[in-house]
Amino acid sequence: MRSLSNGIGAGSVTYFLVLAQIKVIIANDGDNNEIELRGHSMRSINSDVKNREQMLYNLTKSDKCDMAIDHRFDCARDKVVSQRECEDRGCCYAPLSDLPGPPWCYFPYSYPGYVMGPFTPSKKGQKATLKLSRPSYLPKDIPTLQLEVIEETAGCLHLTVKDPSSQRYEVQLPGEQWAPRGKAVSQMALFSIQFQHDPFAFIVTRKSNGRVIMNTTVGPLLFADQYIQLSTTLASSFVSGLGEHYTSLRLDLNWTSLILWNRDTHPHADANLYGSHPFFIVQEEDGFAHGVFLLNSNAIEGILQPTPALTWVAVGGILDLYVFMGPDPESVIRQYLQVIGYPMMPPYWALGFHLCRWGYTTSNTTRRVVQRMHDANFPMDVQWNDLDYAHDRRVFTFDPWRFGDLPEMVQDFHKRGLKYVLILDPGISTTSPPGSYPPFDDGLKRNVFIKNTTGDILIGKVWPGPTAFPDFTNAETIQWWKDCIEDFLSTVSVDGLWIDMNEPSSFVQGSVDGCPDSDLENPPYTPSVVDGHLNSKTLCMSAQQHLSTHYNLHNMYGLTEAYATHKALTNIQGKRPFVLSRSSFPGIGRFSGVWTGDVKSNWEQLRYSIPSVLKFGLFGVPLVGADICGFDDNTTEELCVRWMQLGAFYPFMRNHNDRGNRPQEPYMFGKNAQSAMRSVLNLRYSLLPFLYTLFHHAHISAETVARPLFVEFPSDPNCQAIDRQFLWGSALLISPVLEQGVVEFPAYLPFGTWYSLEDGQPFYSKGQYLLISAPLETINVHVREGHIIPQQEPALTTSASRTNPFFLTVALTAGGWAWGDLFWDDGESLDTFEKKRYSYIIFTAGQAQIVSDPVRLNGDLDGLVLGGVRVFGVPAPPQYVLANGEKVMDFSYRSDTKALTINKLALPMSKVFTLQWAL
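Here the structure is a predicted model, which means the values were calculated and not measured. Counting restarts for each chain: residues are numbered from 1 in the order of the written sequence. Given that the model is predicted, a residue must reach a pLDDT of at least 70 before its local features are reported, and side-chain atom pairs must reach 80 or more before they are shown or counted; all residues, however, enter totals for whole chains, interfaces and linings. Hydrogens and water molecules were not included; the side-chain quantities draw on all heavy atoms of the structure.

(A) How the structure looks around unusual backbone geometry. The linkage connecting Asp198 with the following residue, Pro199, adopts the cis geometry, with an omega of -5°. Omega for the bond connecting Gly243 with Glu244 falls within 30 degrees of zero, at 15°, which places this linkage in the cis form. At Asp633, a position not held by glycine, the phi torsion is positive, near 75°. Position of Asp633 relative to the elements: it lies in the loop between β32 (627-628) and α14 (637-647). Even without being glycine, Ala702 reaches a positive phi, approximately 65°. For the purposes of this entry, the term helix denotes a DSSP run of H or I that reaches at least four residues, the term strand denotes a run of E that reaches at least two, and both are numbered from the N terminus. The residue Ala702 is located in the loop between α16 (688-701) and β34 (706-707) in this model. Judged by its relative accessible area of 2%, Ala702 falls in the buried class. Exposed residues in this analysis have more than 50% of their type's maximum accessible area, buried residues have under 20%, and partly exposed residues fall in between, with area computed by a 1.4 Å probe over protein chains only.

(B) Representation of the environment of Ala76. Mapped onto the elements of the fold, Ala76 is located in the loop between α4 (61-65) and α5 (83-88). Counting along the chain gives 15 residues from Ala76 to Cys91, while the straight-line C-alpha distance between them is 9.1 Å. Here a residue-residue contact requires only that any non-hydrogen atoms of the pair lie within 4.5 Å. The residues touching Ala76, leaving out its near neighbours within four places in the chain, are Val81, Arg89, Cys105 and Tyr137.

(C) Seen up close, the packing of helix α10 (residues 475-489) against helix α12 (residues 557-573). Each axis is a line fitted through C-alpha atoms, taken for helices only over the stretch in contact, and angles between the N-to-C directions span 0 to 180 degrees. Closest axis-to-axis distance for the α10/α12 pair is 9 Å, and the angle between their directions is 50°. In terms of orientation, α10 and α12 fall into the oblique class. Handedness of the crossing formed by α10 with α12: right-handed. Listed contacts from α12 to Ile478, Trp481, Lys482, Ile485, Glu486 and Leu489 of α10 are Glu561, Tyr563, Ala564, Thr565, Lys567, Ala568, Leu569, Asn571, Ile572 and Gln573. Of the residues in the contact of α10 with α12, the class split is nine nonpolar, three polar and four charged. Angular relationships are summarised with four words: roughly parallel below 35 degrees, roughly antiparallel beyond 145, roughly perpendicular across 65 to 115, and oblique for the angles in between. Crossing handedness follows the turn of the near helix against the far one: under a right angle anticlockwise gives a left-handed crossing, and clockwise gives a right-handed one. Gly counts as polar in this scheme, as do all residues outside two lists: the nonpolar Ala, Val, Leu, Ile, Met, Phe, Trp, Tyr, Cys and Pro, and the charged Asp, Glu, Lys and Arg.

(D) Inspection of the state of the cysteines at higher detail. By convention in this document, the label disulfide applies to cysteine sulfur atom pairs within 2.5 Å. Scanning all chains against the criterion turns up five disulfides. There is a disulfide in this structure between Cys515 and Cys540, and the S-S distance comes to 2.0 Å. Note on the Cys515 and Cys540 pair: the S-S dihedral is about -90°, so by sign convention the disulfide is left-handed. Placement of the pair is Cys515 in the loop between β28 (496-499) and α11 (550-553) and Cys540 in the loop between β28 and α11, with a sequence separation of 25 residues. Note on Cys515: relative accessible area 28%, which makes it partly exposed. According to the relative accessible area criterion, Cys540 is buried, its value standing at 3%.

(E) Fine view of the sheet that holds strand β20 (residues 309-314). Two strands are said to pair when DSSP picks up at least two bridges between them. Read from one edge of the open sheet, five strands run β13-β14-β20-β19-β16, paired in antiparallel fashion. Because the sheet does not close on itself, it has two edges, and the strands there are β13 (222-224) and β16 (256-260). Recorded for the sheet is a direction-independent mean angle of 15° between the axes of neighbouring strands.

(F) Quick peek at the pattern of salt bridges. A pair is scored as a salt bridge if a Lys or Arg side-chain nitrogen falls within 4 Å of a carboxyl oxygen belonging to Asp or Glu. Here the structure, examined in full by the defined rule, presents 34 salt bridges. The shortest N-O distance in the salt bridge between Asp723 and Arg607 comes to 2.9 Å. One end of the pair, Asp723, is in the loop between α17 (709-712) and β35 (726-728); the other, Arg607, is in helix α13 (residues 603-618), and 116 residues separate them in sequence. The exposure classification of Asp723 matches that of Arg607, with both residues buried. Residue Asp627 pairs with Arg654 through a salt bridge whose shortest N-O separation is 2.9 Å. Taken together, the residues Asp627 in strand β32 and Arg654 in strand β33 (residues 653-657) connect sequence positions 27 residues apart. Just as Asp627 is buried, Arg654 falls in that class too. Members of the salt-bridge network, linked through shared partners, are Asp264, Asp500, Glu503, Lys537, Arg582 and Asp598.

(G) Examining the side chain of Arg870 more closely. Residue placement: Arg870 occurs in strand β47 (residues 865-872). Within polar-contact distance, the side chain of Arg870 engages the backbone oxygen of Leu757 at 3.0 Å. Among the polar contacts listed, one links the side chain of Arg870 to the side chain of Thr809, at a separation of 3.0 Å. The contact partners of Arg870, leaving out residues within four places of it in the chain, are Leu757, Glu758, Gln791, Leu808, Thr809, Val810, Leu900 and Thr901. Counting of polar contacts relies on pairs of N or O atoms within 3.5 Å, with two restrictions inside protein: one atom must be capable of donating a hydrogen and the other of accepting it, and residues adjacent in sequence are counted only when both atoms are side-chain atoms.

(H) Spatial organisation of the nonpolar core. Among the nonpolar cores identified, the biggest contains 193 residues, and Phe649, Trp728, Val810, Leu866, Val869 and Met909 are the most heavily contacted of them. Each residue touching Val869, except ones within four places of it in the same chain, is listed here: Leu808, Val810, Ile850, Leu900, Thr901, Ile902, Leu905 and Leu915. Here, nonpolar core refers to any group of buried Ala, Val, Leu, Ile, Met, Phe, Trp, Tyr and Cys residues whose side-chain atoms link them within 4.5 Å.

(I) Focus on the pairing of strand β36 (residues 732-735). Judged by which residues are buried, β36 turns out to be covered on both faces: Leu732 and Ile734 on one side and Leu733 and Ser735 on the other are all buried. Examined bridge by bridge, β35 and β36 share three bridges and lie antiparallel to one another. Residue pairing in the sheet places Leu727 in a bridge with Leu733 of β36. Counting the residues in the hairpin turn of β35 and β36 gives three residues, including Gly729, whose phi is positive at 60°. Judged from the four bridges that link them, β36 and strand β41 (residues 780-784) form a sheet pairing that is antiparallel. Looking at the pairing, Leu733 lines up with His782 of β41.

In structure tokens form, the structure reads like this:
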């Protein structure tokens with residue numbers, strides 16, 4: 001009884017006592033009603049139990065409706081109803097004028113729904129028929145459904161509910177799924193699942209402790225043509241995910257509605273933003289965690305309530321649900337990425353500093369920016385141009401007057417070791433004279449554009465005026481897109497592409513001709529999206545694409561464009577592509593990075609950029625960042641310094657500004673501000689070997705790069721909601737200043753010893769907040785004991801820094817041990833890990849020595865040397881230091897910090913080396 005009601009709370013005692021009786025009978029009924037499904041037990045409720053279920057139906061109306069307010073599940077999400085309309089639905093009505101969150105009209109206990117038939121084998125698992133016992137209040141109910149239950153792996157349960165009589169849109173993620181899929185060992189399944197037959201519901205529990213992970217008996221399954229609803233309890237109130245939204249890392253469960261519908265709107269609270277990720281992770285007790293993923297591309301609303309519980313509402317598609325059992329947060333993320341795909345490996349230069357502005361109006365202006373950055377000694381790898389470069393704002397062109405020397409400018413940047421990226425919007429201008437604009441002319445011939453219901457090209461309006469929109473679900477469009485990019489790159493050798501406005505965004509509602517009056521444009525239920533209409537600031541929902549209507553495909557538009565762009569650049573350049581997308585959907589991390597859109601230049605947006613970045617890491621998009629110093633409005637010097645310090649630890653680091661605002665290039669500020677910015681840029685560049693190695697582990701093992709503390713320390717309850725600090729991997733703790741005027745603040749240090757990366761000062765934490773100093777020139781970064789950080793002397797570009805000497809920062813445990821690794825390749829070739837064209841070194845420290853172990857060498861480290869080592873936590877001054885048995889003369893020791901520094905080494909990185917010190 002306890003395990004069934006765990007996480008549900010008080011207030012539903014009668015109902016759950018009955019359910020508890022049912023569960024006891026299930027557990028003891030092994031004769032005819034247990035079905036083994038490759039290792040987990042699916043048990044059905046027999047006729048004896050149905051007699052007990054009848055008890056629920058025989059309850060009086062007042063008994064059925066007597067429940068705690070937090071346990072009400074909305075019976076009228078589709079519209080506002082009167083008491084009579086509510087009761088006509090068979091639901092309970094109890095107004096709460098003083099409480100805006102809980103529903104007035106709510107489901108009684110055991111609301112009639114679908115009745116589940118017996119299981120039979122399917123191709124992948126087991127299937128059963130669900131029949132509606134009586135029509136619901138929704139239009140176009142689906143009377144018969146098919147349930148399929150699949151055990152994908154020991155830790156991944158997969159359930160689908162479909163209409164067997166009619167094909168509905170089912171999400172197919174683009175590209176081949178290359179991420180490894182595990183094989184379940186039947187006796188090691190981490191979950192069990194029980195089914196209630198009438199009304200249909202299921203309960204998922206964790207086998208090891210009996211904790212209820214999902215319990216859908218709290219509300220009925222509703223399944224109509226344009227409305228699917230499923231409610232479930234949650235195992236705890238610590239829930240993260242369901243992006244993209246302007247929220248804290250821990251979601252608010254106080255009757256919060258989160259809409260998943262990709263939309264061009266600046267980040268702000270209570271709004272659906274650029275991406276849709278119907279995945280969340282729940283932190284349980286004792287360090288356990290699980291995740292849930294609804295693979296559905298229609299508009300989705302997730303309603304969180306204090307029970308704790310969640311209600312999914314989707315306006316189309318099917319119910320395609322994955323449950324990931326972990327058992328820890330890192331395992332949950334890996335299991336999720338085994339479904340959607342592991343992230344791509346970025347080119348090394350993409351981890352450098354990027355600079356952009358909408359307002360670099362000429363090539364000469366752009367050149368001056370690059371020169372001023374160089375003259376001020378600011379590291380930078382990539383110069384960008386926004387739409388300023390394009391002739392009449394048409395993509396695949398450049399202005400002959402303002403950017404007439406664009407090809408030469410890019411070549412000049414390449415000679416300086418810089419890369420160049422420009423913006424590429426999907427909207428294709430339709431107003432050029434025939435024969436004058438090949439992208440549109442050729443697209444017309446090849447039938448690549450999205451159409452309206454009459455079969456004509458749908459015309460929206462974006463920056464160049466009336467525009468057509470490519471249909472990236474069409475194979476011919478993908479080839480046409482590649483041809484357009486190849487033709488442009490044959491003239492302007494850009495290094496990467498920035499795909500913006502790809503929600504897709506349009507300045508008119510639906511199209512310049514409006515949209516037809518239909519159920520797709522005006523569905524029976526529309527979630528509370530910005531502006532109230534699904535077709536607001538985008539295309540008509542009835543627009544026709546190759547795979548389906550835009551109603552079904554809208555949320556995937558950015559993903560399909562990212563796939564097409566990634567594929568095009570791969571084929572054209574023959575090396576690792578760089579793509580940055582604004583719109584996103586599960587799986588986009590395989591093809592693209594993401595930035596968090598048009599953030600404003602204020603302290604609140606600086607603060608909320610951290611949970612935004614961390615959530616994308618949970619979603620399998622490690623290459624992510626926010627526009628440093630803000631895109632909209634004017635920054636201040638202090639804000640920009642603090643944002644540069646935080647931004648130096650975004651996995652993707654770009655300063656981007658809107659035209660008309662105060663310039664915010666680093667060289668535009670005072671001497672002290674410039675010094676602080678230069679210092680943190682040099683720090684980032686010194687850490688790029690470590691960051692690149694983290695991306696390698698993300699690529700091959702689905703590890704997070706920018707990591708929430710709860711992922712690394714799942715058993716520490718203090719870490720559950722922290723999103724003002726974060727980690728790089730498991731080794732570096734970043735604690736930025738997030739408020740104006742702050743020069744010291746409390747930072748949480750999990751249990752153990754943490755060393756200041758700057759000077760090795762140790763902090764011995766019992767798992768507590770410590771007051772740390774943070775003057776304007778400082779961002780606090782701490783190294784966790786037991787870790788070795790590979791670094792490199794910084795330079796103004798990665799092409800230069802990659803030739804510089806390495807150095808190691810070693811953070812010893814109390815026992816004198818530490819470990820680290822380095823992944824190294826040429827930084828740009830395709831599939832170097834898969835083709836074994838890389839070097840990999842493991843570093844270990846112990847017994848007063850450091851040893852390198854080159855596990856694999858391919859020549860990329862030839863000529864590179866280890867120039868120095870810092871060892872934190874050396875208990876006493878060394879008498880001497882040896883490098884490969886030879887005495888080292890240049891070393892120093894600080895007694896106050898217990899830090900040993902060894903300089904002027906020249907040890908080949910491609911060979912085994914040993915450093916020793918005698919105490």
